[in-house]
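# Chain and residue survey
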Amino acid sequence: MAEADIHCNIIQCRKPLSIETQTCVTSCSHIFCLDCSNRKFTEALVCPACNTSLTESGDIIMTQLNPSEQYKSSVLAGLKPEVILDISGRAIAFYEYQISQELCFQSMLQSNIEDKYNSLREQYNMMNRDFNNILKALVKEKEMEKRKYQQLYNQLEEKTKQFQKLQNMYEKLKRKTIQPNMQQQQNNLIPTASSVISSATRMGAAYGAQRTGYTSHSNRPTIAGTNAPTTFTPTAPLAAPASARRPSPSICNKKCQWIRTAK
């Protein structure tokens, strides 16, 4: 078992005294490092650990924790054995007291650490339970949302099939309705176009005949006894009747468009 170190009895310091060469010991069985003793005892001659008055001579003693061999040989030299034993007993009691105080302090620290650990563990358990409850609720909600999504997906597929079926029916009805009408319109346009062409041909022929203001050469009158034709003065061409006049370009364009559509 490792030997326990003696520490400075001021809680705020707690410096291990095994590394110190010189310390301060009080008659109330407390020990302090050199820095703390100089600072505290300069303010007042009162023990910083137990508030005991240290006004008597010998209440505060400077001691060597790592004495030399010469010091060990001379410190108790000349003393009676009973005095040496008394001094040794008191020194051992002082050491036991310091060790017991150190153990109490370590036990207190351990108790505080255990209390903090238990508190943190309890908080962890509570947080873990809350987290598990939240996780279960989220898993349950996820399953519900998944079922809703599946239902909506099935409904969407059903609606899509119905829509496709209705669209196919609509296309069939559309073809059945449009094709006879188109055939009938084409059949109606063909006679109309033929009559328009015939009428236009007749009107063009009549108008061309009336526009000619001269008779043919074979029909001209001749002088008696000769083959020379008599002089013929052409007359002004007669105006074509209203029924034989040439149609306007817009009418011709419309008729040609009807003809192309009929073809």
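Residues numbered from 1 in each chain as written. Predicted model: local features only at pLDDT ≥ 70, side-chain atom pairs only at ≥ 80, totals over all residues. Heavy atoms only, no water.

- If you look the protein up in an unreviewed UniProt entry, it shows as RING-type domain-containing protein from Rhizopus azygosporus.

### Brief notes about the overall build of the protein
- From N to C terminus, the protein includes four helices and three strands.
- Along the protein, helices (α) and strands (β) appear in the sequence β-β-α-β-α-α-α when read from the amino end.
- Here the protein, with 263 residues, has 13% of them falling under the buried criterion.
- By sequence separation, contacts in the protein at least 24 residues apart represent 53% of the contacts at least 6 residues apart.
- Here the protein displays about 21200 Å² of accessible surface, and carbon together with sulfur accounts for 57% of that area. (Helix = DSSP H or I, 4+ residues; strand = E, 2+ residues; numbered from the N terminus. Buried < 20%, exposed > 50% of the residue type's maximum accessible area, 1.4 Å probe, protein only. Contact = heavy atoms within 4.5 Å. Areas by Shrake-Rupley, 256 points an atom, 1.4 Å probe, with all protein chains shown as cover.)

### A short note on the nonpolar core
- Among the nonpolar cores identified, the biggest contains 15 residues, and C8, L17, I31 and F32 are the most heavily contacted of them.
- Of all the elements in the fold, those that place two or more residues in this core are β1 (22-26), β2 (31-33) and α1 (34-43). (Core = buried A, V, L, I, M, F, W, Y, C linked by side-chain atoms within 4.5 Å.)

### Re the pattern of salt bridges
- Inspection of the entire model under this criterion finds four salt bridges.
- D35 serves as the salt-bridge partner of K15, at 3.6 Å between the closest nitrogen and oxygen. Of this pair, K15 sits in the segment before β1 while D35 sits in helix α1, placing them 20 residues apart in sequence.
- Residues K72 and E69 are paired through a salt bridge, measuring 3.9 Å at the closest nitrogen-oxygen approach. Of this pair, K72 and E69 both sit in helix α2 (residues 69-74), three residues apart, which is roughly one turn of that helix. (Salt bridge = Lys/Arg side-chain N within 4 Å of Asp/Glu carboxyl O.)

### Quick word on the confidence of the model for the protein
- Considering every residue of the protein, the mean pLDDT works out to 79; 70% of them sit at 70 or more.
- Mean pLDDT in the protein bottoms out at helix α4 (residues 249-262), which sits at 55, and peaks at β2, which reaches 92.
- Below a pLDDT of 50 lies the segment residues 214-226, which in the model reaches twelve contacts outside its immediate sequence neighbourhood of four places, other chains included.
- Confidence drops under pLDDT 50 across residues 228-240; counting only partners more than four residues distant or on other chains, this segment forms 17 contacts. (pLDDT = per-residue confidence, 0-100.)

### Digging into unusual backbone geometry
- With phi around 55°, R14 is a residue other than glycine that occupies positive phi space.
- Here R14 is to be found in the segment before β1.
- A residue is classified by how much of its surface remains accessible, and R14, at 18% relative accessible area, is buried.
- Even without being a glycine, S29 presents a positive backbone phi close to 70°.
- Within the secondary structure, S29 sits in the loop between β1 and β2.

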